[in-house]
Amino acid sequence: MKKEAVILIHGMGRSRRSMKKLERYLRHKGYVTYNRSYPSTVANVERSAVHYINSALANISRDEISKIHFVTHSLGGLLVRYYLTHHKIKQVGRIVMLAPPNNGSEVAERYRDHFWYRWMTGAPGQQLHKNDNPLLNKLRPLEAEVGVIAGTRSSDPWFNHVFKGEHDGKVSVNDTKLSEMKDLITVDHGHTFIMNKRKVKRHIVNFLAHGDFYRSQQRKHLYDLEN
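Calculation criteria
- Residues numbered from 1 in each chain as written.
- Predicted model: local features only at pLDDT ≥ 70, side-chain atom pairs only at ≥ 80, totals over all residues.
- Heavy atoms only, no water.
- Helix = DSSP H or I, 4+ residues; strand = E, 2+ residues; numbered from the N terminus.
- Contact = heavy atoms within 4.5 Å.
- Polar contact = N/O pair within 3.5 Å; in protein donor to acceptor, adjacent residues only side chain to side chain.
- Buried < 20%, exposed > 50% of the residue type's maximum accessible area, 1.4 Å probe, protein only.
- Pairing = 2+ DSSP bridges.
- Axes fitted to C-alpha atoms, helices over the stretch in contact; angles between N-to-C directions.
- 1 Å grid on protein atoms, 1.4 Å probe; cavity = no way out; pocket = protein on both sides within 12 Å on 5 of 7 lines; lining within 4 Å.
- Points joined across faces, edges and corners; volume = space filled by probe spheres on them.
- Nonpolar A, V, L, I, M, F, W, Y, C, P; charged D, E, K, R; others polar.

Assignment of secondary structure puts Thr72 in strand 3 (residues 65–73). Aside from chain neighbours lying at most four places away, what touches Thr72 is Ile9, Met19, Gly77, Val80, Val96, Met97 and Leu98. For Thr72, the side chain forms a polar contact with the main-chain nitrogen of Gly77, separated by 3.4 Å.

What follows is the structure, encoded as structure tokens:
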């Protein structure tokens, strides 16, 4: 019987270690996983997307896989969007994005010209501003089913002043949204470690299996996943 695979893509300034707990959880649920590091503060989104996802696909035994899902954190969501704008994956399944800057970030918009921001975030940091963004303007709607999990508790209080609505310290809830998304749910967690929260991991698995996030009326879904 063929299995389903999940390609995990970490966020800016992180490494594969940031997704390790989530990877173990997904493996326990029966998924084949791919989780590697990429130069998230050096290479631009376009270059990282093509190199990382091509490498992932080359390392997955696709003849033994029925579906290939994606679970991304932050910048990782833009990598998937860019790749699927320019490439087709025959076995593509569902996509779960954790705190993605799908419409840019107020932090990048405010500070992208500051030296400390350019030094810390490199080339991809210059691709996250909100207005007149060449990268975001050329991304096409995803044809796969997409679920977005957005945080509402700030893990970076020094940036709170740049936001007007709900946010996780780096990205506002509104800026995580996609017109084509199938489901969105908010959680009371910050941006940096959102992937490690138990509730978030349950939401991810529920969406991969059923195409929606766990809510109180869906107890049967969660029971099926936990047993």
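Let us keep going from here.
Attention shifts here to the side chain of His203. Mapped onto the elements, His203 comes out in helix 8 (residues 198–210). With relative accessibility at 3%, the residue His203 sits in the buried group. Apart from the residues lying within four places of it in its own chain, the contact partners of His203 are Ile149, Ile185, Val187, Phe213 and Tyr214.

With that out of the way, let us pick up the pairing of strand 5 (residues 145–151). Burial analysis of strand 5 places six of its seven residues in the buried class, which makes it a mostly covered element. Of the strand pairs in this sheet, strand 4 (residues 92–98) and strand 5 are connected by five bridges, and their pairing is parallel. For Met97, the partnering residue across the bridge sits in strand 5 and is Val148. Inspection of the sheet shows strand 5 paired to strand 6 (residues 183–187) by five bridges, in the parallel sense.

The six strands lie next to each other as 2-1-3-4-5-6, forming an open sheet whose pairing is parallel. A single partner strand is all that each edge strand has here, and the edge strands are strand 2 (32–35) and strand 6. On average, each strand axis in the sheet is inclined to that of its neighbour by 15°, with strand direction left out of account. Packed on one face of the sheet, helix 1 (residues 20–28) meets strand 1 (3–9), strand 2 and strand 3 and runs near 165° to strand 2. Helix 8 rests against strand 1, strand 3, strand 4, strand 5 and strand 6 of the sheet, and its axis sits at about 155° to strand 4.

The rolling of a water-molecule-sized probe over the atoms marks out the regions of remaining empty space. Roughly 470 Å³ of internal volume is contained in the largest pocket. Together, 24 residues line the largest pocket, and Met12, Tyr117, Thr121, Phe159 and Lys170 are the ones closest to its centre. A total of four residues in the lining of the largest pocket trace back to one element, the largest contributor, which is helix 5 (residues 115–125). Counted by class, the lining of the largest pocket contains twelve nonpolar, nine polar and three charged residues. Approximately 220 Å³ is the volume found for the second largest pocket. Every residue lining the second largest pocket is listed: Leu84, Thr85, His87, Lys88, Ile89, Val92, Arg140, Pro141, Leu142, Glu143 and Ala144. By residue class, the composition of the lining of the second largest pocket is six nonpolar, two polar and three charged.

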